There are 2 protein chains.
Amino acid sequence: MYFCSMYTFAEENYLKAIYKLSELDTQAVSTNAIADLLQTKAASVTDMIKKLSDKRLLKYEKYKGVELTDKGKKIAIETVRKHRLWECFLYDKLKFGWDEVHEIAEQLEHIQSEVLVDKLDEFLEFPTHDPHGDPIPGKNGIVKKTNFILLSELELDKKAIMAGVVDHSSVFLQYLNKLEITLGIQVQLVERNEYDGSIEIQIQRKKLHLSKEVAKNILVKLK
Amino acid sequence: MYFCSMYTFAEENYLKAIYKLSELDTQAVSTNAIADLLQTKAASVTDMIKKLSDKRLLKYEKYKGVELTDKGKKIAIETVRKHRLWECFLYDKLKFGWDEVHEIAEQLEHIQSEVLVDKLDEFLEFPTHDPHGDPIPGKNGIVKKTNFILLSELELDKKAIMAGVVDHSSVFLQYLNKLEITLGIQVQLVERNEYDGSIEIQIQRKKLHLSKEVAKNILVKLK
DNA sequence: AAATATTTTTAGACAAGCCTAAATTATGTA
DNA sequence: TACATAATTTAGGCTTGTCTAAAAATATTT
Ligand SMILES: [Mn+2]
Ligand SMILES: [Mn+2]
Ligand SMILES: [Mn+2]
Ligand SMILES: [Mn+2]
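What you are looking at is a predicted structure, and each value in this text was computed from that prediction instead of being measured.

Could you give me a rundown of the nonpolar core, with the residues and numbers involved?
Core analysis: the largest hydrophobic core is formed by 36 residues, its most contacted members being W86(A), F89(A), W86(B) and F89(B). Once you skip the residues sitting within four places of it in the chain, F89(A) turns out to touch L94(A), L120(A), F123(A), L124(A), W86(B), F89(B), L120(B) and F123(B).

Spelled out as structure tokens, the structure:
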């Protein structure tokens, strides 16, 4: 009503979802993949795809999936940038837990004001990573690649730093809270169990046993 | 899509507008008054009024205007609280000008998360007034009355403190910026011109001449 | 009191975003 | 290659929130 944004919440959410999926795979993004990620129906996705295609935000060939145009990718990355900056604000300044910030940032990412994003960035002292270890795209649209590896693939006795998560669900993050696994702490692989892929790690003064499932959802940075 | 708020942006904006208008006048709020304030059409207002009436957020009698119910008033005040807290954030923390905060707060006020409001309030150290001098409603829904008077009604030679504005438009606020009139500074009425209602004031080391129009849009607190 | 002007409501339309059910196209398997 | 299955699109419908134009009610003048 008051603000007429360039793009609607729904449009930005679709672009963000398509961007995320296109990073996982070089192929065109399928209708069903988008529907799954956004928890909506394939028919709704087809509707929106047509609108975004009309606006030249993506390339669409019937039955062949979609690919973002440069314009579409730019908007997607801007939205990711806003999302991650707001997550930093919620975590660093308002002292939310890393398991609580995502849902609120899903809303805040759609606030329209270019100067707001810049001022927020400055206020947060230009953070490079969000509370989940994901890189914050620059104002120029460049997203730094992180060279993290899965904790499940860490070599025996090697030391590393907890650097990110694959699963962003609050259930998983709360489980890590309980284990006192936080980003930035040092980890060393003590033992790998070949039978079930579970591992034993040393963090701080504790030894922890982690299932393969959990280890595959934690990212570490080699020292 | 992701968040299903109790009330939509439009509903909250209508409730806020009706609350504002009902504070100006004890009578029921008219359809046209709402349409003017929200810059929409009377027909749209009638539509929305029916929906809000169905939801028991206001009492509506055809052709007789509307009155908020306790439930409607509660939501309106909560929205005002969020609006003003966000304005404080933008002004105090992000260093926006007082002429820039309103538009962005119009968007931020609709973010749904009760704990976010509480944490923001705490982060801002429980401010009592927004950058325009308007009181911030408490968590309990109580809005403190300010006993400010119009600068145009200040008595001769009396000293007072700049405390608020009636006109919140950025044009007016920018004009005050140019005159270096900011909230909190002392003001003394030096002369009143009976002919056109204009006044001469002393602020800091300067004497300023203000039209009646301007003086009627500035609020001061007696010392 | 009647005529006129203003306010408010109704009627009908539209765009955005979603849905279900049915039709169509693509893909994988016997 | 033909059939079965899965993916995708189309058709038609719904809600929200907006609009214009016309009708109805209320308020103001004369
Ligand atoms: Mn979102
Ligand atoms: Mn994140
Ligand atoms: Mn608003
Ligand atoms: Mn304000």
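Past the structure itself, the notes keep going.
Give me the domain arrangement of chain A: which residues, what numbers.
The domain boundaries assigned to chain A delineate domain 1 (9-68) and domain 2 (149-222). Each of domain 1 of chain A and domain 2 of chain A was reduced to a C-alpha centroid, and the two centroids are 33 Å apart.

Please provide a residue-by-residue account of the sheet that holds strand β7 (residues 206-210) of chain B, values included.
All names here are of chain B. Overall, antiparallel pairing links the six strands, which are arranged β3-β8-β4-β5-β6-β7 in an open sheet. Strands at the two margins of the open sheet, each flanked by one partner only, are β3 (149-150) and β7. Taken together, the five bridges between strand β4 (residues 159-165) and strand β8 (residues 218-222) define a ladder with antiparallel strand orientation. Considered in β8, the bridge of A160 is made with L222.

Explain the pattern of salt bridges residue by residue, including any values.
Within the structure shown, the criterion is met by 22 salt bridges over all chains. For K139(A), the salt bridge is made with E114(A), and the minimal N-O distance between the two is 3.8 Å. Linking K139(A) in the loop between α6 (114-123) and β3 (149-150) with E114(A) in helix α6, this pair joins segments that are 25 residues apart in sequence. With respect to burial, K139(A) and E114(A) carry one shared label: exposed. A salt bridge links R84(B) to D130(B), with the shortest nitrogen-to-oxygen separation between them at 3.9 Å. Linking R84(B) in helix α4 (residues 70-93) with D130(B) in the loop between α6 (114-123) and β3, this pair joins segments that are 46 residues apart in sequence. Like R84(B), the residue D130(B) is buried in the burial classification.

If you had to explain the coordination of the manganese ion (ligand 4) to someone new, which residues and values would you point to?
Residue and element names in this part refer to chain B. Summarising the metal site, the manganese ion (ligand 4) is bound by the protein donors E87 (OE), D130 (OD) and H132 (ND1), whose distances to it range over 2.1 to 2.3 Å. Read in sequence order, the donor residues for the manganese ion (ligand 4) give the motif E-x42-D-x1-H. Note that E87 is positioned in helix α4 and H132 in the loop between α6 and β3, a separation of 45 residues in sequence.

If you had to explain empty space enclosed by the protein to someone new, which residues and values would you point to?
With a probe scaled to a water molecule rolled over the atoms, the places where space remains empty come into view. Residue and element names in this part refer to chain A. According to the stated counting rule, one finds three cavities of 30 Å³ or more in the structure shown. Empty space within the second largest cavity amounts to approximately 40 Å³. Contributing to the lining of the second largest cavity are W98, M162, A163, G164, V165, L176, I181, T182, L183, I218 and L219. Elements with a contribution of two residues or more to the lining of the second largest cavity: β4 (159-165) and β8 (218-222). Among the residues making up the lining of the second largest cavity, the classes are represented as nine nonpolar, two polar and no charged.

Break down the packing of aromatic side chains for me, with residues and values.
How two aromatic rings sit relative to each other is given by the distance of their centres and the angle of their planes. Evaluated as defined, the whole model comprises eight aromatic pairs over all chains. Their ring planes at 85° and their centres at 5.8 Å tell us that F9(A) and F9(B) sit as a pair that is edge-to-face. Residue F9(A) is found in helix α1 (residues 9-24), and its partner F9(B) is found in helix α1 (residues 9-24); the two belong to separate chains. With a centroid separation of 6.3 Å and an interplanar angle of 70°, the aromatic rings of F123(A) and F123(B) are classed as edge-to-face. Of this pair, F123(A) sits in helix α6 while F123(B) sits in helix α6, each in a different chain. A connected cluster of aromatic rings, assembled from ring pairs, spans W86(A), F89(A), F123(A), W86(B), F89(B) and F123(B). Sitting over the face of the ring of F123(A), K93(A) holds its NZ or CZ atom 4.6 Å from the ring centroid.

Tell me about the protein's contact with DNA strand C, and please be specific about residues and values.
The environment of DNA strand C is formed by 22 residues, the closest being T8(A), S44(A), K50(B), Y60(B) and K62(B). The protein-proximal atoms of DNA strand C, defined as those within 4 Å of the protein, are 75% sugar or phosphate. K41(A) places a polar main-chain atom, nitrogen or oxygen, 3.2 Å from a phosphate oxygen of DNA strand C. Between DNA strand C and Y60(B), the relevant distance is 2.3 Å, taken from a phosphate oxygen to a side-chain nitrogen or oxygen of the residue. Elements represented by at least two residues in the surface near DNA strand C include exactly α1 and α3 (42-54) of chain A together with α2 (31-38) and α3 (42-54) of chain B.

Report on the interface of chain A and chain B, specifying residues and quantitative values.
If you look at the interface, chain A gives 29 residues, while chain B gives 29 residues. Roughly 2700 Å² of surface becomes buried between chain A and chain B when both sides are summed, with 77% attributable to carbon and sulfur atoms. Linking chain A with chain B are four residue pairs in polar contact (both at pLDDT 80 or more). Mapped by element, the contributors of at least two residues to the side of chain A that touches chain B are α1, α2 (31-38), α4 (70-93), α5 (101-108) and α6 of chain A. The greatest single-element share of the side of chain A that touches chain B, amounting to five residues, is contributed by α6(A).

So, the sheet that holds strand β6 (residues 199-203) of chain A: which residues are in play, and what are the values?
Read from one edge to the other, the open sheet built from six strands follows the order β3-β8-β4-β5-β6-β7 (chain A), with strand pairing classed as antiparallel. Only two strands of the sheet have a single neighbouring strand rather than two, namely β3 and β7 (206-210) of chain A.

Residue-level account of the layout of surface pockets, with values.
All names here are of chain A. Estimated volume of the second largest pocket: approximately 1400 Å³. K20, L24, R84, D134 and H168 are, among the 37 residues lining the second largest pocket, the residues nearest its centre. The set of elements that each furnish at least two residues to the lining of the second largest pocket consists of α1, α2, α4, α5 and β4. Among the elements that take part in the lining of the second largest pocket, α1 stands out by supplying eight residues, more than any other. Looking at side-chain class alone, the lining of the second largest pocket contains 15 nonpolar, 10 polar and 12 charged residues.

Cut-offs and rules
- Residues numbered from 1 in each chain as written.
- Chains lettered and ligands numbered in written order.
- Predicted model: local features only at pLDDT ≥ 70, side-chain atom pairs only at ≥ 80, totals over all residues.
- Heavy atoms only, no water.
- Core = buried A, V, L, I, M, F, W, Y, C linked by side-chain atoms within 4.5 Å.
- Buried < 20%, exposed > 50% of the residue type's maximum accessible area, 1.4 Å probe, protein only.
- Contact = heavy atoms within 4.5 Å.
- Domains from an automatic or database assignment.
- Pairing = 2+ DSSP bridges.
- Helix = DSSP H or I, 4+ residues; strand = E, 2+ residues; numbered from the N terminus.
- Salt bridge = Lys/Arg side-chain N within 4 Å of Asp/Glu carboxyl O.
- Donors = N, O, S within 2.8 Å, 3.2 Å for Na, K, Ca; no water.
- 1 Å grid on protein atoms, 1.4 Å probe; cavity = no way out; pocket = protein on both sides within 12 Å on 5 of 7 lines; lining within 4 Å.
- Points joined across faces, edges and corners; volume = space filled by probe spheres on them.
- Nonpolar A, V, L, I, M, F, W, Y, C, P; charged D, E, K, R; others polar.
- Phe/Tyr/Trp six-rings, centres within 6.5 Å; stacked < 30°, edge-to-face > 60°.
- Lys NZ or Arg CZ within 6 Å of the ring centre and 35° of its normal.
- Near = heavy atom within 4 Å.
- Polar contact = N/O pair within 3.5 Å; in protein donor to acceptor, adjacent residues only side chain to side chain.
- Buried area = accessible area lost by both parts, 1.4 Å probe.

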